[in-house]
Amino acid sequence: MKYRTEIDGLRAIAVLLVIFNHLGLSFFSGGFVGVDVFFVISGFLITSIISKEIKDKTFTFKNFYKKRILRLAPAYFLVIFSCFIFSYFLLAPMELVSFYKSVMYSLVFASNFFMWKEVGGYFSANAEYIPLLHLWSLGVEEQFYIIWPTVLMIMLAWFKRWTGLLIALGVILGCVFAHLLSIKSPALAYFLLPARAVELMIGAAIVFIKPNNF
């Protein structure tokens, strides 16, 4: 798709909000909202790409996942390898064992499951000692990418012009579900796809709102 400077700018702001929050700057204490913005952007971009390729009859699962791997893999493995070196010298033995477990989960894009089970919460006391904590969001995205192309293909094939309405309905139901889940199990709602999918779907819904304007 055509390069969108405004989207890159919004992405940069979202990332900076998260960084400033982690630096402990009081003015950006709510900076983790940048993750939510990033999910919306991802949902918009990936849906734009997939829907256009489906309409042009050029979409294939092989090419889709190949592009995702080529785009993510270099930086992804560089981060894991760098953290591996520093963790070996800086972490205590038990912390190192936990780190090795997080690496195994991260290699199959399931780091969010590790954070949910082992850390318990993004803001818990021991979260500071998990070097790959930030990869949980990428795990959510990749899990969404496994499901979403098939769902979108079905909607565009069977419902066509109603696709946008169905996604919007999914967003409403998803918000209700995420809210209820956050009350019952905050850590699960924070880390796992069932609650986070609604944010990616908000971006997807934007694609079908006056698409000529985008």
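Residues numbered from 1 in each chain as written. Predicted model: local features only at pLDDT ≥ 70, side-chain atom pairs only at ≥ 80, totals over all residues. Heavy atoms only, no water.

Caption draft 1: Region of interest: the overall build of the protein. Per the secondary structure count, the protein includes nine helices and zero strands. Secondary structure elements of the protein occur, N-terminal to C-terminal, as α-α-α-α-α-α-α-α-α. Here the C-alpha atoms of the protein give a radius of gyration of 18 Å, agreeing with the 17 Å that 2.2 N^0.38 yields for 214 residues. When its C-alpha atoms are laid out on the principal axes, the protein stretches across 55 × 35 × 30 Å. Counting across all 214 residues of the protein, residues that qualify as buried make up 42%. Considering only residue pairs separated by 6 or more positions, the protein has 68% of its internal contacts joining residues 24 or more positions apart. (Helix = DSSP H or I, 4+ residues; strand = E, 2+ residues; numbered from the N terminus. Rg over C-alpha atoms; globule rule 2.2 N^0.38 Å. Buried < 20%, exposed > 50% of the residue type's maximum accessible area, 1.4 Å probe, protein only. Contact = heavy atoms within 4.5 Å.)

Caption draft 2: How the structure looks around the packing of aromatic side chains. Summed over the entire model, instances satisfying the criterion amount to 18 aromatic pairs. Judged by centre distance (5.5 Å) and plane angle (50 degrees), the ring pair of Tyr105 and Phe114 falls under tilted. Between Tyr190 and Phe191, the ring centres sit 5.3 Å apart and the planes meet at 75 degrees, which makes this aromatic pair edge-to-face. Ring-pair connections join several aromatic residues into one group, and the members of that group are Phe59, Phe61, Phe64, Tyr65, Phe144, Tyr145 and Trp148. (Phe/Tyr/Trp six-rings, centres within 6.5 Å; stacked < 30°, edge-to-face > 60°.)

Caption draft 3: Looking closely at unusual backbone geometry. Positive phi outside glycine occurs at Lys57, with the angle close to 60 degrees. By the element assignment, Lys57 lies in the loop between helix H2 (33-55) and helix H3 (61-90). The phi torsion at Lys160 lies on the positive side, around 45 degrees, for a residue other than glycine. Inspection of the secondary structure assignment puts Lys160 in the loop between helix H6 (136-158) and helix H7 (163-184). Look at Lys160 and you get exposed, because its relative accessible area is 59%.

Caption draft 4: Main features of the side chain of Asn21. One can find Asn21 in helix H1 (residues 5-22). Exposure remark for Asn21: the relative accessible area of 15% places this residue in the buried category. Excluding residues that lie within four positions of it along the chain, Asn21 makes contacts with Phe28, Ser29, Gly30, Gly31 and Phe32.

Caption draft 5: View of the layout of surface pockets. Taken as a whole, the largest pocket spans an internal volume of roughly 1100 Å³. Arg11, Phe38, Arg71, Leu138 and Glu141 are the residues nearest the centre of the largest pocket, which is lined by 35 residues in total. At the level of elements, H1, H2, H3 and H6 are the ones that each hand at least two residues to the lining of the largest pocket. Here the residues of the lining of the largest pocket are counted per class, giving 22 nonpolar, five polar and eight charged. (1 Å grid on protein atoms, 1.4 Å probe; cavity = no way out; pocket = protein on both sides within 12 Å on 5 of 7 lines; lining within 4 Å. Points joined across faces, edges and corners; volume = space filled by probe spheres on them. Nonpolar A, V, L, I, M, F, W, Y, C, P; charged D, E, K, R; others polar.)

Caption draft 6: Representation of the pattern of salt bridges. Using the criterion set out here, one finds six salt bridges in the structure. One salt bridge connects Glu6 with Arg4, and the closest N-O pair in it is separated by 2.6 Å. Judged by its relative accessible area of 19%, Arg4 falls in the buried class. When the shortest N-O distance is used, the salt bridge between Arg196 and Asp36 registers 2.8 Å. You can see Arg196 sitting in helix H9 (residues 193-207) and its partner Asp36 sitting in helix H2, a full 160 residues away along the chain. (Salt bridge = Lys/Arg side-chain N within 4 Å of Asp/Glu carboxyl O.)

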